[in-house]
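Geometric and topological summary
Residue-level listing of the chains:
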Amino acid sequence: MDFDCAKRGSLVQNLRRALPLSAHPRAALIGFLRERGVVTRGKPRLVVLDIFDAGAAGGLMCRFAITEDGDVASFIAPLAQVALQRKHPAARLRVGRQRQPPPVAP
């Protein structure tokens, strides 16, 4: 088995466990979406719904939806064109709980 293929497969599986992920499009993807009239202005928030390996020709790809869009249409783009939110919402909740002082016993 090719080592790079194994690493990509492991990355895909780890990312899939964290789905859905919040993200925003990078500049090239924003331009692509604007050219097609999907996005008019601003930087839309995205929800990554799936991540998969398209092989050597395509690399890692993702299926996403635009959260501000009333229609529930999904799109496919290279994962490199999507900036994932750095912290998963559940991780933020855990950090918030750790920062709270423990309850004081009466």
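Refer to the structure above for everything that follows.
Since we're looking at a predicted model, the values are computed, not measured.

**Examining unusual backbone geometry**
The omega torsion of the bond from Leu-19 to Pro-20 falls at -5 degrees, within 30 degrees of zero and hence cis. Mapped onto the secondary structure, Pro-20 falls in the loop between α1 (3–17) and β1 (21–25).

**As for the environment of Ile-76**
By secondary structure assignment, the location of Ile-76 is in strand β4 (residues 74–78). For Ile-76, a relative accessible area of 53% puts it in the exposed group. Taking the C-alpha atoms as reference points, Ile-76 and Phe-64, 12 residues apart in sequence, are found 6.4 Å from one another. Residue contacts for Ile-76: discarding those within four places in its chain leaves Phe-52, Met-61, Cys-62, Arg-63 and Phe-64.

Parameters at a glance
- Residues numbered from 1 in each chain as written.
- Predicted model: local features only at pLDDT ≥ 70, side-chain atom pairs only at ≥ 80, totals over all residues.
- Heavy atoms only, no water.
- Helix = DSSP H or I, 4+ residues; strand = E, 2+ residues; numbered from the N terminus.
- Buried < 20%, exposed > 50% of the residue type's maximum accessible area, 1.4 Å probe, protein only.
- Contact = heavy atoms within 4.5 Å.

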